[in-house]
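Descriptive structure summary
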Amino acid sequence: MAKAVIKAKKARASATRTVRSKAKAQKAKQATAPVVRRYKCRFCNYVYSPLRGEPHNGIPEGTEFDDLPDTYVCPVCGYQGKGKIGKWGFEEWRPTKYLCAVCGYVYDEERGEPHHGIKPGTRFEDLPDDYVCPICAMDTKISKGYGKVFKQSFEPLDV
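Residues numbered from 1 in each chain as written. Predicted model: local features only at pLDDT ≥ 70, side-chain atom pairs only at ≥ 80, totals over all residues. Heavy atoms only, no water.

Here we come to the overall build of the protein. Secondary structure summary: the protein contains four helices and six strands in total. Along the protein, helices and strands appear, N-terminal first, in the series α-β-β-α-β-β-β-α-α-β. Residues counted as buried form 28% of the 159 residues belonging to the protein. Here the contacts in the protein between residues at least 6 apart in sequence split such that 49% fall between residues at least 24 apart. Carbon and sulfur atoms provide 56% of the accessible area of the protein, an area that totals close to 11,000 Å². (Helix = DSSP H or I, 4+ residues; strand = E, 2+ residues; numbered from the N terminus. Buried < 20%, exposed > 50% of the residue type's maximum accessible area, 1.4 Å probe, protein only. Contact = heavy atoms within 4.5 Å. Areas by Shrake-Rupley, 256 points an atom, 1.4 Å probe, with all protein chains shown as cover.)

In structure tokens:
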């Protein structure tokens, strides 16, 4: 009986260390994650993001806006026949709404989540590290399949 108790305590201690190390790794990843600078076309609202680049135009992901060639043209405006809107037609853009990739919930900075203690006007970047999607957290089917859905599962929403 005593051996079973000792074995159970060791298993709990091991599980606790694993959870702590995963949490540390996640915090380290967030701390080292660079700030992504996105740019929005002033004419058609197309958003250029270095996270995705434009592989169909030969621009690999990871290419910063400043590193785009001088011949760069907005892919949407050019397609719509609005002319050759170059880099001069873009301005830096910071999203204020974020979409959960799992359930479709939209976090709106303007609205916040007062019922969860997050004041209106709270920037997405300022949410606590342990922030989880409020919808996914309540849906047992999602939490069983995906676990906790953290900030990394949210994508900027251009609205």
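Right, let's get into the pairing of strand β4 (residues 97-100). In β4, alternate side chains face the same way, and those of Y98 and C100 are buried while those of K97 and L99 on the opposite face are not. Here three bridges tie β4 to strand β5 (residues 106-108), and the two strands are oriented antiparallel to one another. Looking at β5, one finds that K97 is bridged to D108. Counting the residues in the hairpin turn of β4 and β5 gives five residues, including G104, whose phi is positive at 90 degrees. For β4 and strand β6 (residues 154-157), the ladder comprises four bridges, and the chain directions are antiparallel. (Pairing = 2+ DSSP bridges.)

For the rest of this paragraph, the subject is the pattern of salt bridges. Tallying each qualifying case throughout the model produces five salt bridges. As a salt-bridge pair, E109 and R94 come within 2.9 Å of each other at their nearest N and O atoms. Placement of E109 in the loop between β5 and α3 (134-138) and of R94 in the loop between β3 (90-93) and β4 is noted, with a sequence separation of 15 residues between them. Accessibility expressed as a relative area gives 4% for E109, which makes it buried. (Salt bridge = Lys/Arg side-chain N within 4 Å of Asp/Glu carboxyl O.)

To continue, consider the side chain of E109. Among the polar contacts listed, one links the side chain of E109 to the backbone nitrogen of F124, at a separation of 2.9 Å. The residues contacting E109, other than those within four sequence positions of it, are R94, P95, T96, Y98, P120, G121, T122, R123, F124 and E125. (Polar contact = N/O pair within 3.5 Å; in protein donor to acceptor, adjacent residues only side chain to side chain.)

A separate point is the environment of P75. Take P75: it is sitting in helix α2 (residues 75-80). In this structure P75 comes out as partly exposed when scored by relative accessible area, which is 22%. Residues P75 and Y48, spaced 27 residues apart in sequence, show a C-alpha to C-alpha distance of 9.6 Å. Other than its neighbours up to four places away in sequence, P75 contacts Y46, E54 and N57.

This paragraph deals with the sheet that holds strand β2 (residues 47-48). With antiparallel pairing, the three strands of this open sheet are ordered in space as β2-β1-β3. With one partner strand each, in any of the chains shown, β2 and β3 form the two edges of the open sheet. Pairing between strand β1 (residues 38-41) and β3: four bridges, direction antiparallel. The residue bridging R38 from the neighbouring strand is W93, located in β3.

To continue, consider the confidence of the model for the protein. When pLDDT is low, close inspection of the predicted coordinates is not appropriate. When pLDDT is averaged across the protein, the result is 79; 75% of the residues are at 70 or more. The low-confidence segment residues 26-32 (pLDDT under 50) makes five contacts with residues lying over four places distant or belonging to another chain. (pLDDT = per-residue confidence, 0-100.)

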